[in-house]
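# Geometric and topological summary
Residue strings, one per chain:
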Amino acid sequence: MAENENVMQPEVSQPETKKKKDNGGFKEWRRKQIVNLKRKPQNIPMVFLFLGCAIYLVCLTSFSKSVIENYNSLQEWAALGVFVCTLFSMLVIVSYMRIFPKHKKPSIAMMVVTYVFLALMIFMDIVIINEITTLRAENFSNPNVVYDSYDASADNTSIAISIVHIVIEAIAAVLLATMPLWKKLLMKINTKKEIESASSNMGAIDLQGEE
């Protein structure tokens, strides 16, 4: 009479099993994100636009101290630059979103508007850097002006923010201009879901017949 005997398998420790599940979960999450980017590659430049806007809005206090309080320059180009960059850092997101309407071709007109906004912000950032540098040099040479470390810190922060803002907006502009190129590379990434065969998950079973 034949009997089936199961060969005992070595038990897998719980930490190893949990580690495999975590790795599998991360890989699946990463695969889904890449799939989403393949469907909407325009989200990549959008991230940089949101980042530039967030940085500028969060750091407005430094600009207020540097441009308005330090130099009383409400009528100077630096103050106008801060206003323009703050306003257009939000408007550029709206114009960019309208480049890619659903189920329609990209809007060339809104793309031109977006580039105008980006160019204007970069220009105004350069104006802010130049104005702050010039006004700070004038304060240093003026013995009647008290220029302490707190004022210097606000100026340095404003210049650094402007430089970072220029870099972020430039990256967004380059990504938008070169989207057809890097979109092809993105589509080549393999995002097919690997399905393990049922036999790989089953234990090794030896069927032995006894006569």
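Here, the structure is the one placed above.
Overview of the structure.

Reading the values: rules and limits
The residue numbering used here restarts from 1 in each chain and proceeds along that chain's sequence as written. Totals for whole chains, interfaces and linings use every residue, but because this is a predicted model, local features are given only for residues with pLDDT of at least 70 and side-chain atom pairs only at 80 or more, for both listing and counting. In computing side-chain values, all of the structure's heavy atoms are included and hydrogens and water are not. Numbering of helices and strands starts at the N terminus; helices are DSSP runs of H or I of at least 4 residues and strands are runs of E of at least 2. Per-residue accessibility, obtained with a 1.4 Å probe over protein chains only, is compared with the maximum for each type, and a residue is labelled buried under 20%, exposed over 50%, and partly exposed between these values. Contacts are assigned to residue pairs that have any heavy atoms within 4.5 Å of one another. In short, Shrake-Rupley with a 1.4 Å probe defines the accessible areas, and a residue's cover is counted only from the protein chains shown. A 3.5 Å cut-off defines polar contacts: any pair of N or O atoms within that distance qualifies, except that in protein one atom must be a possible hydrogen donor and the other a possible acceptor, and neighbouring residues in sequence count only when both atoms are side-chain atoms. Axes, fitted as lines to C-alpha atoms, cover a helix only where it is in contact. Angles between the N-to-C directions of the axes lie from 0 to 180 degrees. Under this scheme an angle from 65 to 115 degrees is roughly perpendicular, one under 35 degrees roughly parallel, and one over 145 degrees roughly antiparallel; angles in between are oblique. Two helices crossing with the near one rotated counterclockwise from the far one by less than a right angle form a left-handed crossing, whereas a clockwise rotation gives a right-handed crossing. Ten residue types, Ala, Val, Leu, Ile, Met, Phe, Trp, Tyr, Cys and Pro, are classed as nonpolar, four, Asp, Glu, Lys and Arg, as charged, and the remainder, Gly among them, as polar. Nonpolar core, defined: a set of buried Ala, Val, Leu, Ile, Met, Phe, Trp, Tyr and Cys residues in which side-chain atoms within 4.5 Å join the residues together.

### Topic: the overall build of the chain
Scanning the chain for helices and strands turns up eight helices and zero strands. Sequence-ordered secondary structure for the chain, helices as α and strands as β, is α-α-α-α-α-α-α-α. Out of the 211 residues in the chain, the part that is buried amounts to 33%. Taking as baseline every contact in the chain between residues at least 6 positions apart, the subset at least 24 positions apart corresponds to 81%. Accessible surface, the chain: about 14,700 Å² in total, of which carbon and sulfur atoms supply 62%.

### Concerning the side chain of Thr86
Along the chain, Thr86 turns up in helix H4 (residues 77–97). On the accessibility criterion, Thr86 (13% relative accessible area) is buried. Here the side chain of Thr86 touches Val82 through a polar contact of 2.7 Å, landing on its backbone oxygen. If near-sequence neighbours (up to four positions away) are discounted, Thr86 is found in contact with Tyr56, Leu57 and Leu60.

### Quick look at the environment of Asn190
Structurally, Asn190 is set in the loop between helix H7 (179–187) and helix H8 (198–201). Separated by 159 residues in the primary sequence, Asn190 and Arg31 place their C-alpha atoms 8.7 Å from one another.

### Regarding the side chain of Ser95
Tracing the sequence through the fold places Ser95 in helix H4. Note on Ser95: relative accessible area 3%, which makes it buried. Other than its neighbours up to four places away in sequence, Ser95 contacts Met110, Val113, Thr114 and Phe117.

### A closer look at the packing of helix H2 (residues 43–58) against H4
Between H2 and H4, the least distance of the axes is 10 Å, while the angle of their chain directions is 155°. By the angle class used here, H2 and H4 are roughly antiparallel. Two packed elements cross with a definite hand, and for H2 against H4 that hand is left-handed. Residues Pro45, Met46, Leu49, Phe50, Cys53, Tyr56 and Leu57 of H2 pack against Gly81, Val82, Cys85, Thr86, Ser89, Met90, Val92, Ile93, Tyr96 and Met97 of H4. Taken together, the residues that form the contact of H2 with H4 break down as 14 nonpolar, three polar and no charged.

### What to know about the nonpolar core
The biggest cluster of nonpolar side chains holds 36 residues, and the ones touching the most others in it are Leu49, Tyr56, Phe63, Val67, Val92, Tyr96 and Ile128. Sorting the residues of this core by element identifies H2, helix H3 (60–69), H4, helix H5 (108–141), helix H6 (149–177) and H7 as the ones contributing at least two each. Here the element with the most residues in this core is H4; it accounts for nine residues. Beyond its immediate sequence surroundings of up to four residues, Leu49 is in contact with Val92, Ile93, Tyr96, Leu118, Glu169 and Ala172.

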